[in-house]
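Below are the chains, spelled out letter by letter.
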Amino acid sequence: MSHTLGIRQAQKQKTRQAFLDAALALLEEQSLSSLGLREVTRAVGVAPTAFYRHFRSTADLGVALVDEALGSLHPMVRTTVATAGAERITRAVQLIADHVSAHPAHVRFIARERHGGVQPVREAIRAQLARFAEEVRTELAKDPEAKGWSDDDLLMLAHLYVDQMLITASLFLETLESPEPSDSPEPSEAERQRVVQVATRQMRLISLGRQHWLD
């Protein structure tokens with residue numbers, strides 16, 4: 001009996017993932033607010049009624065995509081921010097570059113829907129970003145430079161870093177979408193390196209401002 005339940009649960013999870021994958025592919029060309037339920041079920045190859053066994057609505061599906069896109073990043077962000085000194089910035093920029101390269105559709109979805117027309121999805125993204133900021137604040141508070149800082153000021157600084165990481169992700173995404181003039185499908189390595197340099201300098205500027213905030 002338990003074996004049968006395990007097979008059913010695995011099949012249910014497989015179908016749910018198929019809905020997420022199909023929706024993400026369809027959202028490459030449109031916003032979530034314009035995505036039709038029948039489009040998704042047609043792409044998965046199931047009847048529209050099957051959708052409701054997994055999600056209450058397309059907004060609910062969008063919230064699940066937010067969790068898929070950002071939820072797994074928390075351990076990596078905590079580990080990166082826990083790194084001391086200049087290496088923290090280097091590792092943060094590399095983390096963003098690697099994530100954008102591996103999951104461009106997820107990054108594009110978050111960039112588009114962060115200010116999109118589906119409120120539950122906007123709120124889910126905001127909640128994930130707030131969680132990132134809290135985690136970054138926790139690590140920043142361990143730095144010697146945090147002495148004398150209030151919790152509110154540390155959280156403000158954490159939000160600056162998180163916002164900068166989002167901006168950097170968007171810049172890396174643009175390098176994937178802008179092939180070299182030779183019409184090569186590969187993004188320009190020079191353009192990627194330019195983003196690395198700009199992102200590193202911008203985060204260093206935030207760090208330098210931190211050193212003089214209590215002045």
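Figured I'd write up the structure that's included with this text.

What counts, and where the lines are drawn
- Residues numbered from 1 in each chain as written.
- Predicted model: local features only at pLDDT ≥ 70, side-chain atom pairs only at ≥ 80, totals over all residues.
- Heavy atoms only, no water.
- Axes fitted to C-alpha atoms, helices over the stretch in contact; angles between N-to-C directions.
- Helix = DSSP H or I, 4+ residues; strand = E, 2+ residues; numbered from the N terminus.
- Parallel < 35°, antiparallel > 145°, perpendicular 65-115°, else oblique.
- Left-handed = near helix turned anticlockwise from the far one by under 90°.
- Contact = heavy atoms within 4.5 Å.
- Nonpolar A, V, L, I, M, F, W, Y, C, P; charged D, E, K, R; others polar.

## Overview of the packing of helix H4 (residues 58-70) against helix H8 (residues 119-140)
Stage number 1. Two elements in contact, H4 and H8, have axes separated by 8 Å at closest approach and are oriented at 20°. Looking at the two axes, H4 sits roughly parallel to H8. Our pair here, H4 against H8, has a crossing hand that is right-handed. For the pair formed by H4 and H8, the contact residues are Ala59, Gly62, Val63, Val66, Asp67 and Leu70 on the first element and Pro120, Val121, Ala124, Ile125, Gln128 and Phe132 on the second.
Stage number 2. Among the residues making up the contact of H4 with H8, the classes are represented as nine nonpolar, two polar and one charged.

## As for the packing of helix H5 (residues 74-81) against helix H6 (residues 86-102)
Stage number 1. Two numbers describe how H5 lies on H6: the axes approach to 8 Å, and their chain directions differ by 155°. By the criterion of interaxial angle, the relationship of H5 to H6 is roughly antiparallel. Across from Met76, Val77, Thr79, Thr80 and Val81 in H5, the residues of H6 making contact are Arg88, Arg91, Ala92 and Leu95.
Stage number 2. A class-by-class count of the residues in the contact of H5 with H6 yields five nonpolar, two polar and two charged.

Purely spatial values, then, with no claim about function.
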